[in-house]
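So the chains spell out like this:
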Amino acid sequence: MEVAWNTRYDTGIQIIDEQHQELFRIVDRLRRMILEGADRSHVEALLEDLVACSERHFATEETYMGRFGYPDLTQHVSEHTSMLTSLHELLVKFQESHEAMALMVPTFMEGWLKHHISDGDFGFVTFLKARNLA
Ligand SMILES: [Fe+2]
Ligand SMILES: [Fe+2]
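Residues numbered from 1 in each chain as written. Chains lettered and ligands numbered in written order. Predicted model: local features only at pLDDT ≥ 70, side-chain atom pairs only at ≥ 80, totals over all residues.

## Comments concerning the packing of helix α1 (residues 14–35) against helix α4 (residues 104–130)
For the pair α1 and α4, interaxial distance at closest approach is 9 Å and the crossing angle is 160 degrees. Regarding the angle of α1 to α4, the classification is roughly antiparallel. Between α1 and α4 the crossing geometry is left-handed. In this structure, α1 uses Ile16, His20, Leu23, Phe24, Val27, Leu30 and Arg31 to contact α4, whose residues at the interface are Val105, Pro106, Met109, Glu110, Leu113, Ile117 and Asp121. (Axes fitted to C-alpha atoms, helices over the stretch in contact; angles between N-to-C directions. Helix = DSSP H or I, 4+ residues; strand = E, 2+ residues; numbered from the N terminus. Parallel < 35°, antiparallel > 145°, perpendicular 65-115°, else oblique. Left-handed = near helix turned anticlockwise from the far one by under 90°. Contact = placed C-beta atoms within 7 Å.)

## What about the nonpolar core?
By size, the foremost hydrophobic cluster in this structure holds 16 residues, and its most contacted members are Leu23, Phe24, Ile26, Val27, Leu30, Val105 and Leu113. Secondary-structure elements contributing two or more residues to this core are α1, α2 (40–67) and α4. Aside from chain neighbours lying at most four places away, what touches Phe24 is Val3, Ala4, Trp5 and Leu113. Counting 7 residues, the second-largest nonpolar core is a separate cluster that includes Ile13, Ile16, Tyr64 and Phe124. (Core = buried A, V, L, I, M, F, W, Y, C linked by C-beta atoms within 7 Å. Buried ≥ 20, exposed ≤ 12 C-beta atoms within 10 Å, placed from the backbone.)

Coordinates in, geometry out; function isn't part of it.
Structure representation (structure tokens):
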């Protein structure tokens, strides 16, 4: 089944929505590549893109939250950090030749993204909008 962004995840902040959409696209491409038995080097390259794209996205959100004094900044940043730690652990397992681990990455990322956008990102988006900051 396709891993897809959905209007339910629409925050109304263009840069955030574009980055979320890109993350969903990478996760979907990754899942398909793994299922189709793509070359390991291609999978690894896409995994690196996923990490870079996640880091960029988190930096964007953290800049917004920091600039406007979002009170739950620390909690939100720690969720980003723990996601990157989990992603990194999965990547290490994959690189250690546990091929079976590969599908864990898109599965983990899909669940994390959906949950985090709904529960975490909407918190600060609501905060910004209530103050006409976004
Ligand atoms: Fe976030
Ligand atoms: Fe986000």
